[in-house]
Amino acid sequence: MSLFILREGSRSSSPFAPYILALFNGHDPDSIPKTWSQNSSRFAALNYDLQAMVRKWQLKVSVVYQHIAVHVIQKYTTQLSEGGVCGPSTTSCLEFYSLERVIKVLAVVQARDWALPMHGVYRQFLAPLIDLLNFGQVGIRVHFNDKRRAFIAIAHKGVKSGSELLFYYGQFCRDQSMLIYGFIPEGSRPCRRASLNRPRRNNGKAATLSS
């Protein structure tokens, strides 16, 4: 998904471009600690537990990139160079689809994606427009309807005309919220060390640190 977003977002013309532009306008990857260099001053300012979480995530992504993404780029250079974003050489495409770029895209994807049962399997996916909802609580609930093959969002209470539609991401502790979203909602509880790596799910937004 990250490679696809990089390709479509860099083409001179793409039907996905308006959504991709909105995706990154709605969530700046530079605000998410997962994109920060471990040698930077802002990384050094993070608490010990959050630093450990960032290191673990970056290491995992780096391993996956080296063992999977590089192979994909080498095998599908022609497809990934469509639109003139790189190529036609594999070397130029490896430079374009760099680990640094993949990390930034993946961080935003994981901050905006949904995690819901879909055809009997718990899946993570993006849902254009609805995945741009900011954090808050106005009574919106979501699910995937297998029969209709549709993602459905329903307001279970009245929403005042002209007010912003918001979605409650879940009850994350402070470090978890900062790691995933790049901000700490008001009223978030401090993290207990035992809870930092414990998979959590809510009623929609993806909530696993290992996702």
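In what follows, the structure referred to is the one given above.
Reading the values: the criteria
Residues numbered from 1 in each chain as written. Predicted model: local features only at pLDDT ≥ 70, side-chain atom pairs only at ≥ 80, totals over all residues. Heavy atoms only, no water. Core = buried A, V, L, I, M, F, W, Y, C linked by side-chain atoms within 4.5 Å. Buried < 20%, exposed > 50% of the residue type's maximum accessible area, 1.4 Å probe, protein only. Helix = DSSP H or I, 4+ residues; strand = E, 2+ residues; numbered from the N terminus. Contact = heavy atoms within 4.5 Å. Axes fitted to C-alpha atoms, helices over the stretch in contact; angles between N-to-C directions. Left-handed = near helix turned anticlockwise from the far one by under 90°. Nonpolar A, V, L, I, M, F, W, Y, C, P; charged D, E, K, R; others polar. Disulfide = S-S within 2.5 Å.

With respect to the nonpolar core
For soluble globular proteins, nonpolar side chains are generally found buried alongside one another. Judged by nonpolar contacts, the single largest core of 44 residues is most densely connected at Ile-5, Ile-73, Tyr-97 and Phe-167. Top element by residues in this core is helix H7 (residues 99-112). It accounts for eight residues. Ignoring any residue separated from it by four or fewer positions in sequence, one finds Tyr-97 in contact with Leu-3, Leu-6, Arg-7, Tyr-65, Ile-73, Leu-80, Val-85, Cys-86 and Val-102. Counting eight residues, the second largest nonpolar core, distinct from the first, contains Phe-43, Leu-50, Val-54 and Leu-179.

A look at the packing of helix H4 (residues 48-75) against helix H8 (residues 174-181)
Here H4 crosses H8 at 35 degrees, and the two axes come no closer than 10 Å. Along this stretch, H4 crosses H8, giving a crossing that reads as right-handed. Counted together, Asp-49, Leu-50, Met-53 and Val-54 of H4 and Asp-175, Gln-176, Met-178 and Leu-179 of H8 form the full contact between these two elements. When grouped by side-chain class, the residues that make up the contact of H4 with H8 number five nonpolar, one polar and two charged.

With respect to the state of the cysteines
As enumerated under the stated definition, the model contains two disulfides in all. Residue pairing for Cys-86: its cysteine sulfur links by disulfide to Cys-93, the two sulfurs lying 2.1 Å apart. On the sign convention where negative is left-handed, the bridge of Cys-86 and Cys-93, at about 80 degrees about the S-S bond, is right-handed. What makes Cys-93 buried here is its relative accessible area of 0%.

Notes on the environment of Cys-86
With respect to the helices and strands, Cys-86 occurs in the loop between helix H5 (77-80) and helix H6 (90-96). Exposure remark for Cys-86: the relative accessible area of 9% places this residue in the buried category. The residues touching Cys-86, leaving out its near neighbours within four places in the chain, are Leu-80, Ser-81, Ser-92, Cys-93, Phe-96 and Tyr-97.

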